[in-house]
Amino acid sequence: MADCHSQAHRRGGRLILLELLVLLVLVLAPFVVSHYFTILLTRFLILALLALSFDLVWGYAGIMSFGQSLFFGAAAYAVAMAVKLTGSAPLIAVFPATLAIGAALALIIAILLFGRRIGASSAMLAALGTLTATYIAERIVRTTNVLGGQNGLSVPSAPSLGSFSIDLGVPFYVLALLTLLATYLICRFLVRSQLGLVLAGLRTDERRIAFLGYDVVVLRVITFTFAGAIGGLSGGLYALHEGFIAPNVIGVTLATQAVLYGLFGGIGTLIGPVIGVILIEGLSYKLADQFPYLWPILLGILLLLLVIFRPSGLVGLLVSDRERIGRFGTSRRASGQSS
Amino acid sequence: MTLLQIASLTKRFGALTALQDVSLATEAGTIHGLIGPNGSGKSTLMKCIVGDVEPTSGEILFEEKPISQQSTTERARRGIGVKFQITSVFETLSVYDNILLAAQSHARLATLALSRSRGALADEIDDLLDQFKLWERRDEQAADLSHGEQQWLEIAMALARRPRLLLLDEPTAGMSLPERAHTGALLRSLISSCAIVIVEHDLSFIRDISDRLTVLDRGRVVKSGTVGEVQDSSEVKEVYLTRV
Ligand SMILES: Nc1ncnc2c1ncn2[C@@H]1O[C@H](COP(=O)(O)OP(=O)(O)OP(=O)(O)O)[C@@H](O)[C@H]1O
Ligand SMILES: [Mg+2]
């Protein structure tokens, strides 16, 4: 017993260390970096929510989605319109509204895509279905005048909490970090619960999980909807933070970016996509100016190598597959005592 | 009680008729053996029962209710468990987690989401691990088990759901003789709570454990009856002499 506990402890060690390290860096960052970089980092934190949303869908439920920007963009536009109409952005309204918009939209799409009994082609259908949805959404937004068309919309008001206005810089950074942390902890609780075990089964073999009596459709719809809510939250904060949004926030490019964050950092762990966002966006910021032509190629090659040689992403280099998947139960009976 | 009743089941794959007008009945508390040469339709019949393959015509009754229109999930929930011919355990999960996953499939999703370990199931899972000699290997990945052990794990998973009907497609393939004997004894001990339909090529094994036998040949039922009746049947002898 003692032996098996220490073993489990060793295995469980690296991932949590990585999580704590990232948290430490993110907590200390605003004390160290300039105002300008704090603003940049805030954007990364908000995008990390989008990456988490993709990870839940693909890394945990096994649904390939090019649709996470749809929930992001829809909420971003909704916030922009609301701010335009009311002139204010109280967080007490922004949070529930963006979560609800993301969830509602995701629910509709999930029912359309997964609602029927489908066989082996469901993975393909999900990828194509979500891709089409984002593509169409971007087209619609680009040609809708009320939404600013090609020019996008400005979001002139900072979010507020009571009478306190959350301005760019440290206040917004704290807001983004707390939101990310809370979301992360909820996701972490869920994927390590017994539901996480069911999702692990679902993504490995959906047919098998159905023969065990699990409802694959319900599992997919619930996960997709939950992830959609997080995508919406991310988009709402993004609009408020950037003060401006263009049709690309709802488009295929951002959807693909969410996929890349996940694949680069490592899907199937929650910390992977967070690291993915920080590294990709950080490197892009550094290198895109210096090597405007070379950088996208470099990033492309890097990603390709990673996907080919380490499909579990950067986190997969540090953490064993066994630890990434985790353990959901073990016998409590002492070793050797067998009936 | 007739637990499983199959009435005039036909399954065509394009031009190929895999099952032709197959009828059979399995009583609760019995083991029903299904034998026949390669390609005779045994696995297809199993897949029709669990809903993996949709029959072209005919009806399947489970506990006297038609189930052909139900999804695989619904059939599983009604009490049908299965181990397919091709073993499919969740390879990346531990042996323990494989059984845990199966054991709690009755639970509500909200309960699962709020639960970190399902302690209430611990004894039940330990018992299954013991029965199938997997306790020592409980924390290993299922992929590391031998083929025979994976079959055991898969049967244990099916049983963890407490099914009333268990379908086993060649459960002893790749097992040593002692392992087979252990499996046979285990299966016999189950039948008070769970009837079994079993496909096996090992004729002596299936003769020993079955109460009834059905012989399929090229999608048709050649003979169905008690082990003695089937053994003495001239049609069956012909199938096995000319085709195996
Ligand atoms: N999905 C499928 N599509 C087309 N033909 C199929 C399919 N599944 C099975 N068949 C065919 O149906 C026939 C019956 O196959 P089945 O697997 O049921 O036989 P079996 O009795 O289980 O054989 P074995 O003893 O080799 O396992 C075979 O001719 C097989 O090729
Ligand atoms: Mg077969």
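In what follows, the structure referred to is the one given above.
If you're wondering where the values come from, they're calculated on a predicted model, not measured in any experiment.

Participant: Outline the overall build of chain A, listing residues and values.
Facilitator: Helices and strands together make up the secondary structure of chain A, namely 14 helices and five strands. Over its C-alpha atoms chain A spans a radius of gyration of 21 Å, differing by no more than 12% from the 20 Å that the globule rule assigns to 339 residues. Based on the C-alpha atoms only, the size of chain A along its principal axes is roughly 70 × 50 × 45 Å. Looking at chain A residue by residue over its 339 residues, the buried ones come to 51%. Considering only intrachain contacts with a sequence separation of at least 6, the fraction spanning at least 24 residues in chain A is 80%. With 22 positive and 13 negative side-chain charges, chain A shows a spacing of 8 Å between the two charge centroids.

Participant: Can you break down the sheet that holds strand β3 (residues 159–161) of chain A residue by residue, with the values?
Facilitator: Residues and elements named next belong to chain A. Spatially, β1-β3-β4 is the arrangement adopted by the three strands of the open sheet, whose pairing is mixed. Edge positions in the open sheet fall to β1 (89–90) and β4 (164–165), since each of these has one partner strand only. As judged from the two bridges shared by β1 and β3, these two strands associate in the parallel manner. If you follow Pro-90 over to β3, its bridge partner there is Ser-160.

Participant: Pulling in residues and values, what's your account of the side chain of Ser193(A)?
Facilitator: As for its position among the elements, Ser193(A) is in the loop between α6 (170–192) and α7 (194–204). Looking at Ser193(A), its side chain comes within polar contact range of the main-chain nitrogen of Leu195(A), at 3.1 Å. Dropping the residues within four chain positions of it, Ser193(A) is found in contact with Phe328(A), Leu112(B), Ala113(B), Ser115(B) and Arg116(B).

Participant: Provide a residue-level description of the pattern of salt bridges, including the pertinent values.
Facilitator: All names here are of chain A. Within the structure shown, the criterion is met by 16 salt bridges over all chains. For Glu-19, the salt bridge goes to Arg-188, with nearest N and O atoms at 3.0 Å. Of this pair, Glu-19 sits in helix α1 (residues 2–32) while Arg-188 sits in helix α6, and the two are 169 residues apart along the sequence. The exposure class assigned to Glu-19 is buried, which follows from its relative accessible area of 11%. For Arg-188, a relative accessible area of 18% corresponds to the buried category. One salt bridge in this structure joins Glu-206 and Arg-220, with 2.9 Å as the shortest N-O distance.

Participant: Mind laying out the coordination of the magnesium ion (ligand 2), listing which residues take part and the relevant values?
Facilitator: For a metal with four tetrahedral donors the ideal donor-metal-donor angle is 109.5 degrees, whereas six octahedral donors ideally subtend 90 or 180 degrees. The magnesium ion (ligand 2) binds to the protein through Ser43(B) (OG) and Gln85(B) (OE1), with metal-donor distances spanning 1.9 to 2.1 Å. With a gap of 42 residues between them, Ser43(B) in helix α1 (residues 42–50) and Gln85(B) in the loop between β6 (80–83) and α3 (95–103) connect regions that are remote in the sequence.

Participant: Describe the interface of chain B and chain A, listing the residues and the values that go with them.
Facilitator: Contacts between the two partners involve 43 residues from chain B and, on the opposite side, 41 residues from chain A. Note on chain B versus chain A: buried area summed over both sides is about 3800 Å², and carbon and sulfur give 56% of it. It is Phe90(B), Leu109(B) and Arg116(B) in chain B that bury the most area against chain A; as a group they hold 17% of the surface buried on that side. Our enumeration of links across chain B and chain A arrives at three salt bridges.

Participant: Outline the sheet that holds strand β1 (residues 2–13) of chain B, supporting the account with residue identities and numerical values.
Facilitator: Residues and elements named next belong to chain B. Here we have four strands laid out as an open sheet, ordered β2-β1-β4-β5, and antiparallel in their pairing. The sheet is open, and its two edges are formed by β2 (16–27) and β5 (65–66), each paired on a single side. Sheet analysis places β1 next to strand β4 (residues 57–62), joined by five bridges and oriented antiparallel. The partner of Ile-6 across the bridge, within β4, is Ile-60. The sheet contacts of α1 involve β1, β2 and β4, and relative to β1 the element is tilted by about 115 degrees.

Here is what the cut-offs are and how they apply
- Residues numbered from 1 in each chain as written.
- Chains lettered and ligands numbered in written order.
- Predicted model: local features only at pLDDT ≥ 70, side-chain atom pairs only at ≥ 80, totals over all residues.
- Heavy atoms only, no water.
- Helix = DSSP H or I, 4+ residues; strand = E, 2+ residues; numbered from the N terminus.
- Rg over C-alpha atoms; globule rule 2.2 N^0.38 Å.
- Buried < 20%, exposed > 50% of the residue type's maximum accessible area, 1.4 Å probe, protein only.
- Contact = heavy atoms within 4.5 Å.
- Lys, Arg positive; Asp, Glu negative; His and termini not counted.
- Charge placed at Lys NZ, Arg CZ, Asp CG, Glu CD.
- Pairing = 2+ DSSP bridges.
- Polar contact = N/O pair within 3.5 Å; in protein donor to acceptor, adjacent residues only side chain to side chain.
- Salt bridge = Lys/Arg side-chain N within 4 Å of Asp/Glu carboxyl O.
- Donors = N, O, S within 2.8 Å, 3.2 Å for Na, K, Ca; no water.
- Buried area = accessible area lost by both parts, 1.4 Å probe.
- Axes fitted to C-alpha atoms, helices over the stretch in contact; angles between N-to-C directions.

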